[in-house]
Amino acid sequence: DPIHDFGFFRYDPKKLRFTEPAVIALEPKDLRVGTEIRVVGNDAGEKLQILSGTIARIDRNVPEFNTVYNDENTFYAGAGAGTSGGSSGSPVLNKAGHAIALNAAGTDGAASAFFLPLDRVCYTLSSLQKGIPVLRGTCQASFLFKAFDELMKVGLLDSHERSVREKEKEATGMLLVDSVLCEQKKLRPGDILLSLEGEVCIDFVHLEKILDSKVGSSVEIKVCRGGNELLLSVEVLDLHSLIPRSYVELGLDVVHGLGYHAARKTHLPLDSGVYLARPGYVFESLGCDWGSLITCVNGQTVKAIEDFVRAIEDIPDRQYFPVLWYDMREFRRDRTLKTGFAKMSRAWSPLKIWRCQSVADASPEEWESEELAVPSRPARLPEPPGRFGVLTGGDRLVRQLQASLVTIRFRTDQRFCTEALESGSSEGVGLLVDAKRGLVLTDRHSAPQSLGATEVTLGGCATVDAEVLFIHPQHNIALLRCDPVAVGLLLKGRVPLSSARIAKGKKAGLRAGEDVHFVGFDSQGNVFSAECKVSAVYLPSGKDEFPPWSVPRFRERNLEIAVLTDTPEDARGGVLCDSRGAVRALFASFDFQTARRDCREETTEAFGIPANVFLPMLEAIRKDATITPEVRSLDMEVAAVDLATLARGAGKLPKKWMQAVLQRCGQQGQVARAICVCRVLATGASKAKLRPGDVLLSVAGKTIACALDVEEALANPTTKRKREASKEVEICVLRDQKEVVEHVTPSVLGSEDDAELVIWSGMVLRRTPRCILERCGESVAPRAGGVFVQCVLAGSPAETRSLHPHCFLMEMNGKPVNTLSDVLLGGQSEKKRNEKRAPYVRLLLLDMNGQEHVRAIQPDSLFFPTLHLQRNSLGRWSCTQKD
């Protein structure tokens, strides 16, 4: 129903097996005060609960909710039944077993329950059974029932009351116009309804019966306005035509017409604009939230959904466009017209128009979609501002490094948050390491994944798009590549961009007590510098390590971070350099979750990453632009242990190794510590070779005194016979007070990023990442499948079958699933003849505790089609619909 809180479903009784359907008779006339009732439903989500009560009143005006949608023009019944969530739509039965009302709402913290009478329900059911259209009319006015005493105060005459009481002996009041739509020019709030079509009308059943029979024509209404009688001819409109029957979908963005309910609540004309029902990637960039009224898009006035489609269909991918809107949720406080720029996204999700094909007849409502073509023209490139766009203030270091410092903004669709924060957006700072090729070094907070839109602001004056080139598999480091065409235009436009000078040799590391200079950005985007002192350079271990995430994702490990004694206030990010401007560390943002069990909040903190950690990667790329960086790994996590503690527990330590550790730690100005193994990846290179508690003495002939020594030894073997990347290395460890030699073939890791995603039946599936296997442990990791359920979309077939995310998809209909290609093949199910829906698909799932689960899911190719997202060689993502 377009107004009242009820609807009808239809099922095929022939499909019931071993079940005799029970018919509940509808008896609206039996709704009386004092009637003993039973509310039969799913109270609090519990299937089949029965609550008791007594009807206390049947003439209550409609309950008012703080939502867009509210009922009108009907009485409600009330009882102290104590219903709660899950009981909505439950039949209210009397002793005879007849339904006399529907449970519709309740009051939080109280036993009050509100029931919808069945008069319009019976009318609708009768029309559907006869196969005729369900006509619903409106005079664009909302009425309330008021007692005679109240009506006298607004102009009702004694003669009017006597006339009504003569015809309706039990009358206690009349109907009063409470509000009208802007399009209603004849009726006004405060008008008292004296007669309708020449008959006295004092209840809503009579009112709606006449309006429903006069759709498309007009009715004669006599009202009392301030003590004066007026006879009005009021047009009766079709209520169905005032309810949105089409909407536009772009990813998570959903936009439709304003509609009757929203127009009534805000008192705006129906053609004021379009309603943002759900914000997604495109309109969230504006700060636009649900309930916004969009009035102008890309310079075109938007009054209806057709205007909105014409305004956006030719906007290319990644193009910004202006938008004007109101925040309707704050209309009582602020009716200011807001402006901003949204960024179009057509690569990840198609632009669809959905239309309901059935409006008011007795046939079922069926929705059909139309997908609009993607514009072929590229996005508009900004014009270079030249040298005058660059800041000229600041000290010598600021002027020297501002041409190499950049700010970064990352955003992605919240459905595709694989490594990004839950909000799907982040901002950070980066370092331009190759100006000609547009290569930017940053952290994984600023660029967590490639599936998203990354924007880089160069020189503080020009913003260009960028792609994620490489995400370090072990450390909080990412490498971006700016749009080469845009960077070329900036260089031709004489925008001063320069590659940062990275410190080498001993200067590439930091030690406690050293004086350095911070150069970076504050929260307002201004570049500044400050003198700082390095407090410590240490490997976070034990209680100081970065805690695991509740949702599995990358966690920093095996990295000695630099901490400052006097971190500049309001520092957003930047670099640590010497007095000549040589970069000695990237002052990066680290994302982690607080370790408190009662409050696991996402937090971000900045630490220094010494240049010797990322310098080998940068030098390799500078030598050969075609190579893809690779990292050799032993697939283990190490921790630092005080040498004094180790000596007491492990006994005698090798002298040569101990001297090397003492010398190295002394140079770093820190307590002598050894590096020991604390975790080993159950499916990694060191499985069954290294154990937790092993103290690393040497790797490939290099003495291990810090975590960085392990990486340097794997990258540059120092043994007499240098081994290739795929060959094993010799590792000497101290185990059970003995020196043990193991030979391990290191894993060769590339960029830790997804190149492919599949969305099937509402499950967002990805290749199982390393961070998931690290969380599973020895008992589960070997059994883990190659496809991981990252998340489950709301309202999807997967969610309706109680399928939870963060598990492994093992089988589909008994066939093993090892890759995403297996999902695309296994998810193709043929519909049976004369069947509208696909058959169920049986899934075998394995959770992260090693427990197997079986779910049967019925794919929905209409609203949740299979989407295949892929990244090409240039780093650009595209989306293909498979169904």
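Here the structure is a predicted model, which means the values were calculated and not measured.

Cut-offs used in this document
Residues numbered from 1 in each chain as written. Predicted model: local features only at pLDDT ≥ 70, side-chain atom pairs only at ≥ 80, totals over all residues. Heavy atoms only, no water. Buried < 20%, exposed > 50% of the residue type's maximum accessible area, 1.4 Å probe, protein only. Helix = DSSP H or I, 4+ residues; strand = E, 2+ residues; numbered from the N terminus. Arc of directions from axis to C-beta. Contact = heavy atoms within 4.5 Å. Expected span 1.5 Å × (residues − 1). Pairing = 2+ DSSP bridges. Axes fitted to C-alpha atoms, helices over the stretch in contact; angles between N-to-C directions. Salt bridge = Lys/Arg side-chain N within 4 Å of Asp/Glu carboxyl O. Parallel < 35°, antiparallel > 145°, perpendicular 65-115°, else oblique. Nonpolar A, V, L, I, M, F, W, Y, C, P; charged D, E, K, R; others polar. Disulfide = S-S within 2.5 Å. Core = buried A, V, L, I, M, F, W, Y, C linked by side-chain atoms within 4.5 Å. Polar contact = N/O pair within 3.5 Å; in protein donor to acceptor, adjacent residues only side chain to side chain. Patch = residues over 30% accessible without salt bridge, like charges linked within 9 Å, V, L, I, M, F, W, Y side chains within 5 Å. Areas by Shrake-Rupley, 256 points an atom, 1.4 Å probe, with all protein chains shown as cover. pLDDT = per-residue confidence, 0-100.

Caption draft 1: A look at helix 9 (residues 484-492). Regarding helix 9, the residues found buried are Ala486, Val487 and Leu490. Down the axis, helix 9 shows its buried residues gathered within 100° of arc, on one side only. Residues of helix 9 that are exposed and point over 90 degrees away from its buried face: Pro484, Val485 and Lys492. Packed against the buried residues of helix 9 are strand 26 (453-458), strand 27 (462-471) and strand 28 (478-482). In the segment just after helix 9, arginine 494 is the residue with positive phi, at about 65°.

Caption draft 2: Representation of helix 1 (residues 119-130) within the structure. For helix 1, built from 12 residues, the straight-helix expectation of 16 Å at 1.5 Å per residue is met to within 8% by its first-to-last C-alpha distance of 17 Å. Taken as a whole, helix 1 has its buried residues at Arg120, Val121, Thr124 and Ser127. Seen from one end, helix 1 has its buried residues packed into an arc of 130°, which puts them on one side. In this structure, helix 1 carries Gln129 and Lys130 as exposed residues pointing more than 90 degrees from its buried face. The elements touched by buried residues of helix 1 are strand 5 (99-106), strand 6 (113-117) and helix 4 (204-213). Immediately beyond the C-terminal end of helix 1, within one or two residues, lies glycine 131, with a positive phi of roughly 75°.

Caption draft 3: Layout of the pairing of strand 24 (residues 425-434). Along strand 24, eight of the 10 residues are buried, which leaves the element largely enclosed by surrounding structure. Here seven bridges tie strand 23 (residues 405-411) to strand 24, and the two strands are oriented antiparallel to one another. Across the sheet, the residue bridging to arginine 411 is serine 425, located in strand 24. Hairpin connection, strand 24 to strand 25 (residues 439-442): the antiparallel pair is bridged by four residues, and glycine 438 has positive phi, about 70°.

Caption draft 4: Spatial organisation of the sheet that holds strand 28. Taken in spatial order, the six strands of this closed barrel run 23-24-25-28-27-26, and their pairing is antiparallel. Pairwise comparison of adjacent strand axes, ignoring direction, gives a mean angle of 40° for this sheet. The pairing of strand 25 with strand 28 spans four bridges and is classified as antiparallel. Its bridge partner lying in strand 28, leucine 439 is registered against arginine 481. Sheet strands touched by helix 9: strand 26, strand 27 and strand 28. Its angle to strand 27, the strand with the most contacts, is close to 135°. Lying over the sheet, helix 10 (residues 611-623) contacts strand 24, strand 25, strand 27 and strand 28, oriented at roughly 170° with respect to strand 25.

Caption draft 5: Spatial organisation of the pattern of salt bridges. What the rule picks out here adds up to 47 salt bridges. When the shortest N-O distance is used, the salt bridge between aspartate 307 and arginine 310 registers 2.4 Å. Here aspartate 307 and its partner arginine 310 are both found in helix 7 (residues 305-312), three residues apart, which amounts to about one turn of the helix. Between arginine 735 and aspartate 694 there is a salt bridge, with the nearest N and O atoms lying 2.8 Å from each other. Taken together, the residues arginine 735 in strand 40 (residues 729-735) and aspartate 694 in the loop between strand 37 (673-680) and strand 38 (695-699) connect sequence positions 41 residues apart. A single network of salt bridges, built from pairs that share partners, joins Asp317, Arg318, Lys343, Glu455, Asp465, Glu467 and Arg876.

Caption draft 6: Region of interest: the packing of helix 1 against helix 4. Closest axis-to-axis distance for the helix 1/helix 4 pair is 10 Å, and the angle between their directions is 30°. As summarised for this structure, helix 1 and helix 4 are arranged roughly parallel, according to the angle between their axes. Residue-level inspection shows Asp119, Arg120 and Tyr123 of helix 1 in contact with helix 4, the latter providing Val205, Glu208, Lys209 and Asp212. The class makeup of the residues in the contact of helix 1 with helix 4 is two nonpolar, no polar and five charged.

Caption draft 7: Broad picture of the state of the cysteines. Summed over all chains, the structure comprises zero disulfides. Free of any disulfide, cysteine 732 has its nearest cysteine sulfur in cysteine 676, 15 Å distant. Not part of a disulfide, cysteine 776 finds its nearest cysteine sulfur in cysteine 771, a span of 9.6 Å. Under the relative-accessibility criterion, cysteine 776 is labelled buried at 7%.

Caption draft 8: Examining the sheet that holds strand 6 more closely. Taking strand neighbours around the barrel as the criterion, the six strands line up as 1-2-3-6-5-4 in a closed arrangement whose pairing is antiparallel. Adjacent strand axes in the sheet meet at a mean angle of 45°, parallel and antiparallel pairs treated alike. Sheet topology places strand 2 (residues 49-60) next to strand 3 (residues 76-79); three bridges connect them, and they run antiparallel. The residue bridging arginine 57 from the neighbouring strand is glycine 78, located in strand 3.

Caption draft 9: The arrangement of the nonpolar core in detail. Ranked by internal contacts, the top residues of the largest apolar core, which has 41 residues, are Phe283, Phe308, Trp348 and Leu869. Here this core takes five residues from helix 7, the largest share from any one element. Apart from residues lying up to four places away in sequence, tryptophan 348 is in contact with Tyr281, Arg411, Thr412, Asp413, Phe416, Leu451, Gly452, Ala453, Leu869, Trp877 and Cys879.

Caption draft 10: Representation of the side chain of serine 446 in the model. Along the polypeptide, serine 446 turns up in the loop between strand 25 and strand 26. You can call serine 446 buried: its relative accessible area is 0%. A distance of 3.4 Å separates a polar atom in the side chain of serine 446 from a polar atom in the side chain of threonine 442. In this structure, serine 446 is in contact with Ile408, Phe410, Ser426, Glu427, Gly428 and Val429, ignoring residues within four places of it in sequence.

Caption draft 11: Broad picture of unusual backbone geometry. Positive phi, close to 60°, is recorded for asparagine 558, a residue that is not glycine. Residue class for asparagine 558 comes out buried when judged on its relative accessible area of 13%. With a phi close to 55°, serine 761 is a non-glycine residue in the positive phi region. Summarising the element assignment, serine 761 is placed in the loop between strand 43 (756-760) and strand 44 (763-767).

Caption draft 12: Expanded view of a nonpolar patch on the surface. A cluster of nonpolar side chains, namely Leu381, Val485 and Leu489, defines an oily patch on the protein surface of about 230 Å² accessible area. For valine 485, the location among the structural elements is in helix 9.

Caption draft 13: Inspection of the confidence of the model for the protein chain at higher detail. In this model, the protein chain carries a mean pLDDT of 89, and residues with pLDDT of at least 70 account for 95%. Confidence, expressed as mean pLDDT per element, reaches its minimum in the protein chain at helix 11 (residues 643-650) with 79 and its maximum at strand 18 (residues 300-301) with 96. Within the model, pLDDT remains below 50 along residues 718-723, and this stretch shows 10 contacts once partners closer than five positions in the same chain are excluded.

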